[in-house]
Amino acid sequence: LKAHEAELRAREGGKYQAGKPEAWRWYDLARPQSLEAATRPKILLQTMAKRPEFALDERGFLFAGGGGVGAYGLLIKDSIQKVIVAIANSNVSYFYIKNISPIFSGGYISYGDQSIKWLPIPEIPEEEAEALSKLVDAAIKTAAEMHHLQSFRKGLPHTLLEALTAHGNAP
């Protein structure tokens, strides 16, 4: 380790240089960035999925990642996280990633670094990000209400005759 100390201290833009708060970590084999990131709001995604499954972890729950079958946590400026999730889950992004990523057995697509880093996501000014985030919130609320109504509808009889038959009152 001592033979490579200078190189190891230079990692992370010199974060481990002597005199810096993290200087003592220069010899760590694994950097603690995943553990530090786990408690912050982030975008979560599976690295192998049949369709985009980006989700927002607003509370900073722990996630596990590993290899090609784990999960990623993307730390992105809080003000645009919802917008990025909406864009990444869109049909356009799905089409794009499906056409540039390796496809594995069972139709699983790689959502690893090598694929998602090429998503064409534009710079989003703060005021536009705020307006788009409100639209995303409204879409999430509408989807939840629709899901609730669909669940409720499944419990309703299809016809009055079915309802009467089910209760033994059919003519």
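Residues numbered from 1 in each chain as written. Predicted model: local features only at pLDDT ≥ 70, side-chain atom pairs only at ≥ 80, totals over all residues. Heavy atoms only, no water.

A. Representation of the packing of aromatic side chains. Going through the model one piece at a time under the given rule, you end up with two aromatic pairs. Judged by centre distance (5.7 Å) and plane angle (90°), the rings of Trp26 and Tyr27 are edge-to-face. Overall, Trp26 belongs to the buried group, its relative accessible area being 11%. Geometrically, the ring pair formed by Phe54 and Tyr111 is edge-to-face, given 6.1 Å between the ring centres and 80° between the ring planes. Pair noted here: Phe54 is in the loop between β2 (48-49) and β3 (55-57) and Tyr111 is in the loop between β6 (108-110) and α6 (113-116), with a separation of 57 residues, a long-range link. (Phe/Tyr/Trp six-rings, centres within 6.5 Å; stacked < 30°, edge-to-face > 60°. Buried < 20%, exposed > 50% of the residue type's maximum accessible area, 1.4 Å probe, protein only. Helix = DSSP H or I, 4+ residues; strand = E, 2+ residues; numbered from the N terminus.)

B. Here's a closer look at a nonpolar patch on the surface. Together, Leu1, Trp24 and Tyr27 line one region of the surface with nonpolar side chains, adding up to about 350 Å² of accessible area. Along the polypeptide, Trp24 turns up in the loop between α2 (11-14) and α3 (33-38). (Patch = residues over 30% accessible without salt bridge, like charges linked within 9 Å, V, L, I, M, F, W, Y side chains within 5 Å. Areas by Shrake-Rupley, 256 points an atom, 1.4 Å probe, with all protein chains shown as cover. Salt bridge = Lys/Arg side-chain N within 4 Å of Asp/Glu carboxyl O.)

C. Examining the sheet that holds strand β1 (residues 42-46) more closely. Ordered in space as β3-β1-β4, the three strands form an open sheet in which the pairing is antiparallel. With partners counted over all chains shown, the strands left at the sheet margins are β3 and β4 (71-74), one partner each. This sheet shows a mean twist of 35° between the axes of neighbouring strands, independent of strand direction. Pairing of β1 with β3 involves three bridges; the strand directions are antiparallel. Within β3, the position partnered with Leu44 by the bridge is Ala55. (Pairing = 2+ DSSP bridges. Axes fitted to C-alpha atoms, helices over the stretch in contact; angles between N-to-C directions.)

D. Fine view of the pattern of salt bridges. Tallied over the entire structure, the rule returns nine salt bridges. Put simply, Arg9 and Glu5 hold a salt bridge, and the shortest N to O gap is 2.8 Å. Here Glu5 and Arg9 lie together in helix α1 (residues 5-9), a separation of four residues that amounts to about one turn. Each member of the pair, Arg9 as well as Glu5, is classed as buried.

E. Molecular detail of the sheet that holds β2. What the three strands build is an open sheet, ordered β2-β6-β5; its pairing is antiparallel. The outermost strands of the open sheet, each flanked by one partner alone, are β2 and β5 (103-104). In terms of strand pairing, β5 meets β6 through two bridges, oriented antiparallel. Residue Ile103 lies in a different strand from β6, and its bridge partner there is Ile109.

F. Representation of unusual backbone geometry in the model. For Glu12, which is not glycine, the phi dihedral falls at a positive 55°. Considering the arrangement of structural elements, one finds Glu12 in helix α2. Classification of Glu12 as partly exposed rests on a relative accessible area of 38%.

G. Broad picture of the nonpolar core. Counting 16 residues, the largest nonpolar core has Phe54, Ile97, Tyr111, Ile116 and Ile124 as its most contacted members. Sequence-distant contacts of Phe54, defined by excluding residues within four places in its chain, comprise Ile43, Leu44, Leu45, Val85, Ala88, Asn89, Tyr111 and Ile116. (Core = buried A, V, L, I, M, F, W, Y, C linked by side-chain atoms within 4.5 Å. Contact = heavy atoms within 4.5 Å.)

H. Summary view of helix α7 (residues 126-154). Taking 1.5 Å of rise per residue, the 29 residues of α7 would be expected to cover 42 Å, and the 42 Å separating its terminal C-alpha atoms lies within 8% of that figure. Restricting attention to buried positions, one finds in α7 the residues Ala129, Ser133 and Val136. Packed against the buried residues of α7 are α4 (81-88). (Expected span 1.5 Å × (residues − 1).)

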